[in-house]
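# Tertiary structure, described
Listed below are the residues making up each chain.
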Amino acid sequence: MPTTEHILIIRLSAMGDVAMTVPVIRALVEQHPEVKITVVSRPFFQPFFEDISNVNFFGVDLKKRHKGFLGLFRLFSDLRTLQIDAVADLHSVLRSKVVRSLFALSGKRVAATDKGRAEKKALTSLSNKVFKPVTSMFVRHVDTFKRLGFSIDLSSPKFPKKTDLSPEILFFTGIKNQKWIGIAPFAQYESKVYPFDLMQEVIDELVKNKDYKIFLFGGGEKEIQLLNQLQNQKENAIVLAGKLKFKQELEVISNLDLMLSMDSGNAHIAAMLGVKVITLWGATHPYAGFKPFNQPADFCLTSDRLQYPLLPTSIYGNKKVEGYEEAMRTILPNTIIQKITKELN
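Anyway, here's the lowdown on the structure attached to this text.

Parameters and conventions
- Residues numbered from 1 in each chain as written.
- Predicted model: local features only at pLDDT ≥ 70, side-chain atom pairs only at ≥ 80, totals over all residues.
- Heavy atoms only, no water.
- Salt bridge = Lys/Arg side-chain N within 4 Å of Asp/Glu carboxyl O.
- Helix = DSSP H or I, 4+ residues; strand = E, 2+ residues; numbered from the N terminus.
- Buried < 20%, exposed > 50% of the residue type's maximum accessible area, 1.4 Å probe, protein only.
- Phe/Tyr/Trp six-rings, centres within 6.5 Å; stacked < 30°, edge-to-face > 60°.
- Lys NZ or Arg CZ within 6 Å of the ring centre and 35° of its normal.
- Contact = heavy atoms within 4.5 Å.
- Polar contact = N/O pair within 3.5 Å; in protein donor to acceptor, adjacent residues only side chain to side chain.
- Core = buried A, V, L, I, M, F, W, Y, C linked by side-chain atoms within 4.5 Å.

## A look at the pattern of salt bridges
The tally for this structure, following the rule as stated, stands at 17 salt bridges. Between R26 and D51 there is a salt bridge, and its shortest N-O distance comes to 3.0 Å. Of this pair, R26 sits in helix 1 (residues 15-31) while D51 sits in the loop between strand 2 (35-41) and strand 3 (55-59); the two residues are 25 residues apart in sequence, bridging distant segments of the chain. The partly exposed category is assigned to D51, whose relative accessible area is 42%. Among the ionic pairs, K234 bridges to D204, the shortest N-O distance being 3.8 Å. With K234 in the loop between helix 8 (221-231) and strand 8 (237-239) and D204 in helix 7 (residues 196-206), this pair connects stretches of sequence that are 30 residues apart. Its relative accessible area of 26% is what places K234 among the partly exposed residues. Under the relative-accessibility criterion, D204 is labelled partly exposed at 25%.

Structure below.
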């Protein structure tokens, strides 16, 4: 194996999934400083990787140049000029399979993450359910790099320093003289979203403590309207959605003392930055391998399986099961408040 190797890492989309690769790549670079990395993903995710040494970013253009089947050949052609030695496909979808196969045909070492679809199917099955943890995505990614010849140890992770906030950001956040709590109350699918009225109870109770400042995260006009309702004109609750650029939001998240999130991308972003993350789980479950990085199991507050024994019913939250619409109501607001208070104290 040459002294310096250039590894191409493919993880094209899905914010949470891209964020989950960051701790693994950070550990890879730290433990193998001779390795050069190029990450291929959507341009939006470039800020995730900007503070990691030896990592370059290649923004894939899936709307024009790299669109469609011919676009994948153009992508391969563009990437080939980078003099790649090995390819780690952390996405394992049709697009990434085509690109990695072209590299394999050109004589490069390739490896792809096994997503464990069979185990996940057994976990979410509505009959003959196998309720046990499947291998986490972090371990699966580590296994991918191992097959390329690079061992990675995730047991003592290092995280980036908290970002010094610019005056532009401080205009919205104020100087930090309280415990900062981020709350991301939304997710891609309804079955993963904590009921609005219960989230209102959580926020209304937290803001009573003037030692806390709450930052509400989301995106899009509809979500901003809902966040404004949750904020409810409380002095120590601030809606950040729509006010900051994505990179600036990441800088605020790095300064949080704790993030409360659904099973969603915001949970994985906070975790990759070394922030404590308390997650709420509805139709999905941490056993599926998506528990945020380096977070204790008791930080995952799950819906009651005694009342709803078929949980989890979905890996991503996109499958609905009749009668399970109210499962998240079994996570009581007081349970969430007590957990947050305990971890902040």
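Back to the write-up after that little detour.
## Concerning the packing of aromatic side chains
Given two aromatic rings, their pairing is described by the distance between the two centres and the angle made by the two planes. Using the criterion set out here, one finds 15 aromatic pairs in the structure. Centre to centre, the rings of F69 and F73 are 5.2 Å apart; their planes meet at 75°, and the pair counts as edge-to-face. Here F69 pairs with F73, and both are found in helix 2 (residues 68-80), just 4 residues apart, close to one helical turn. Given the relative accessible area of 38%, F73 is considered partly exposed. Aromatic rings pair up to connect F44, F45, F48, F49, F57 and F246 into one cluster. Over the ring of F131 we find R305; its NZ or CZ atom is 3.6 Å from the centre of that ring.

## Thoughts on the side chain of D17
As for its position among the elements, D17 is in helix 1. Not counting chain neighbours up to four residues away, the residues in contact with D17 comprise R11 and F290.

## Side note on the environment of I340
Note on placement: I340 falls in helix 11 (residues 333-344). Classification of I340 by relative accessible area gives buried; the value is 0%. I340 sits 297 residues away from P43 along the chain, and the two C-alpha atoms are 34 Å apart.

## With respect to the environment of D153
Within the secondary structure, D153 sits in the loop between helix 5 (137-147) and helix 6 (167-173). A C-alpha to C-alpha distance of 30 Å links D153 and Q248, two positions 95 residues apart in sequence. Ignoring anything within four residues of it in the chain, the contact list for D153 reads A27 and Q31. At a separation of 2.7 Å, a polar atom in the side chain of D153 contacts the side chain of S155.

## What about helix 5?
Among all positions of helix 5, only M137, F138, R140, H141, V142, T144 and F145 are buried. Where helix 5 is buried, its residues contact strand 1 (5-10), helix 1, strand 4 (86-89), strand 5 (109-112) and helix 4 (117-124). After helix 5 finishes, the residue G149 shows a positive phi value of roughly 105°.

## Digging into the nonpolar core
Ranked by internal contacts, the top residues of the largest apolar core, which has 60 residues, are I7, F48, F49 and F145. The element best represented in this core is helix 1, accounting for 9 residues. Residue contacts for F49: discarding those within four places in its chain leaves V18, T21, V22, I25, V39, V55 and F57. One finds M199, I203, L260 and I337 within the second-largest nonpolar core, a separate group that totals 32 residues.

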